[in-house]
Every structure is written in structure tokens, then in C-alpha cells.
Amino acid sequence: MTASHRPGVTLPTGPEKRAAVEEMFDRIAPGYQRLNRIISLGQDGRWRRRTVRSLGLPDRSRVLDLACGPGELCEELLDAGLVPVGVDLSAGMLARSTGRAPMVRGDVLALPFPDGSATGVVCGFALRNLVDLDAFFAECARVLRPGGRVALLDAADPAGRLARAGHRVWFRGVVPWIGARLSDAEAYRYLPASTAYLPPGTELVARLRRAGFDAVERSTMTAGAVQLLTGTRRDPACAGGGS
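Along each chain, the written sequence defines residue order, and numbers are assigned to residues from 1. Only residues with pLDDT of at least 70 are given local features in this predicted model, and only at 80 or more are side-chain atom pairs given and counted; all residues enter the totals for whole chains, interfaces and linings. Calculation of side-chain values draws on the structure's entire complement of heavy atoms; hydrogens and water are dropped beforehand.

**Thoughts on the overall build of the protein chain**
Reasoning step 1: In this text, helices come from DSSP runs of H or I with a minimum length of four residues, and strands from runs of E with a minimum of two, each type numbered from the N-terminal end. Check the secondary structure of the protein chain and you find nine helices and nine strands.
Reasoning step 2: Atoms counted for the radius of gyration: C-alpha only. Globule rule: 2.2 Å times the number of residues to the power 0.38. In terms of overall dimensions, the protein chain is globule-like: its C-alpha atoms have a radius of gyration of 17 Å, near the 18 Å expected for 243 residues.
Reasoning step 3: Dimensions along the principal axes, computed over C-alpha positions, put the protein chain at roughly 50 × 40 × 35 Å.
Reasoning step 4: Looking at the protein chain as a whole, 50% of its 243 residues are labelled buried.
Reasoning step 5: Throughout, the Shrake-Rupley method with a 1.4 Å probe supplies accessible areas, and for residues the shown protein chains are the sole cover considered. Accessible area of the protein chain: about 10900 Å², with a carbon and sulfur share of 54%. Buried means the residue's accessible area, taken with a 1.4 Å probe over protein chains only, is under 20% of the maximum for its type, while exposed means over 50%, and partly exposed covers the values in between.

**Let's talk about the sheet that holds strand 5 (residues 103-105)**
Within a sheet, adjacent strands bond to each other through the backbone by hydrogen bonds, running parallel or antiparallel.
Reasoning step 1: A pair of strands is labelled paired if DSSP reports no fewer than 2 bridges between them. In spatial order, the strands read 5-4-3-6-7-9-8; together these seven strands make up an open sheet with mixed pairing. Either end of the sheet is taken by a strand with one partner, and the two such strands are strand 5 and strand 8 (213-221). When the angles between neighbouring strand axes are averaged without regard to direction, this sheet yields 15°.
Reasoning step 2: Sheet strands touched by helix 6 (residues 133-143): strand 3 (62-66), strand 6 (118-124), strand 7 (144-155), strand 8 and strand 9 (226-233). Its angle to strand 7, the strand with the most contacts, is close to 145°. Lines fitted to C-alpha atoms define the axes, with helix axes restricted to the stretch in contact, and inter-axis angles between N-to-C directions lie between 0 and 180 degrees. Contacts: residue pairs with any heavy atoms within 4.5 Å of one another.

**Comments concerning the pairing of strand 7**
Reasoning step 1: The buried fraction of strand 7 amounts to nine of the twelve residues, a majority that puts the element mostly inside the structure.
Reasoning step 2: Here strand 6 runs beside strand 7; their pairing, made up of six bridges, is parallel. In the sheet register, C123 faces strand 7, and the bridge partner there is L152.
Reasoning step 3: Think of it like this: strands point away, you trace from the first strand over the helix to the second, and a clockwise trace means the crossover is right-handed. Of the crossover connections in this fold, the one passing from strand 6 over helix 6 to the parallel strand 7 is right-handed.
Reasoning step 4: Relative to strand 9, strand 7 runs antiparallel, the two sharing seven bridges. Looking across to strand 9, one finds that V150 is bridged to G231.

**Notes on helix 3 (residues 44-55)**
Reasoning step 1: Expected helix span is given by 1.5 Å per residue-to-residue step, counting one fewer step than there are residues. Taking 1.5 Å as the rise per residue, helix 3 with twelve residues should run 16 Å; its terminal C-alpha atoms sit 18 Å apart, in good agreement.
Reasoning step 2: The complete set of buried residues in helix 3 reads D44, G45, W47, R48, T51, V52, S54 and L55.
Reasoning step 3: In the segment just after helix 3, G56 is the residue with positive phi, at about 60°.

**Side note on helix 8 (residues 185-193)**
A turn of α-helix holds 3.6 residues, and therefore any two residues three or four places apart point the same way.
Reasoning step 1: Restricting attention to buried positions, one finds in helix 8 the residues A187, Y188, Y190, L191, P192 and A193.
Reasoning step 2: Where helix 8 begins, the capping side chain belongs to D184, and its oxygen is found 3.2 Å from the backbone nitrogen of E186. Two N or O atoms count as a polar contact when they lie within 3.5 Å, although within protein this holds only if one can serve as hydrogen donor and the other as acceptor, and sequence-adjacent residues are included solely when both atoms are side-chain atoms.

It is worth stressing that arrangement in space is one thing and function is another; only the former is reported here.
Here it is in C-alpha cells:
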């Protein structure tokens, strides 16, 4: 089953999406970090640091970096005094890691960790590549202990007219052009187009709350082109929920 959201780009769904995403990230792994620097105009490090700060966790807290890629968020977590474990489906991405954190190959929709075994969960620019967002949010809630924190970073469409126009030129025009010359044309057509998978920000917030998180907040960076979702794991033993 497939769904086309942009002329010339077919976005897969279901098992076909899972297989296509895994194969694509294996393919682009060798140049992935360098392309991220270029495409983000050097802002990606700042986004990761803000994601880690938003957790607000004490030193030595165990944090899972889901869809970790080569592990750049893991390094930020280590630098902040936290104890990360990376998880990714792509063997190619994990093979590119030269970091200090342990890495596990696995499906983030079926994590190989016990209930309540982590104090934090982060995920960088992978929500739109998942087959089932609600299942992912539920799995984040399962592995987090009550009071644990989640911080999810991804692309977004700016709200302002001028910012939206500029973002469209860069993200949907220049980025695929750069990707075609420095890495993989098909992959870098897909990656900008894949934001069509993401529901509106208000819906993302509501779905995180339904999954078992309180104090859910959504903030944006870089003129609204990047979004950060944060929340605190609700204690399942407590009746009701908060906002």
C-alpha cells in the first residue's frame, strides 16, 4: 500500500514503509552526518543540545536514544552527564558510529527493554519514518518509569507565510539538489517529502497525552522549521491525567 503526497515522490505505508526506510538509511549512512551539517546550515548540533537540556534529568539518568542513527544525540547525552543507549533498525547507521555509547539494533516499536527501565527517551528526526506513531508513543511510555521524560525532535512546517515560503524553497528544492550530488537522489527527495506523514502539532501533543504523558509541550526552532515535543511520564497508578 502506498500513498503519494507530492508529485514525483511516492510515500510508502505499512510493512513496505518499514523495509524502504531501513534500506534507505543503510544506503545513505556513509555521508549522513556530513549531509546533516550542510542541510541544517550547521544548526543540527544546537537542536540536539536543546533536546537534551529539555529532559531536565539528574546526572547518570539512563536515556534511550531511539532511531539513533550514528549516535550523535547519544554523544550529547554523554556530554550532559547522562547514560545513553542507542537503538536503530539500520545496521548501516549503527556501523558508522564511532561514539562512546552502547548501540542496539532493534525496532523502536518493540523495544528490547523492560517496563520502566529508563528515565528518559529521545528521538531525533525519525517520527515521520515510523510506521505507527501511536504504537511508538505507547512504547516510549512503557519503557519510561513514572516521572521519566521524553523529548522528540523533528521537522515542521513554519506557520508564517514568509518563513514557510523560504523553507519550501530550501527544504523541497535545494536539499534534494544537494542530496542528489553528494549522496542519493531518491533518498533526498523522500526525506523532505516525508514530512507529509506528520500530523499537525496540536494532534501530536494530544496523541502523546493519550499515550500516558503529562506536561506535554511543543516548541519550535529555526523560524518554525523544527519542532520539539516534550512530556513527563504519568504514573499509571494515578487515576486521570493532566495537560
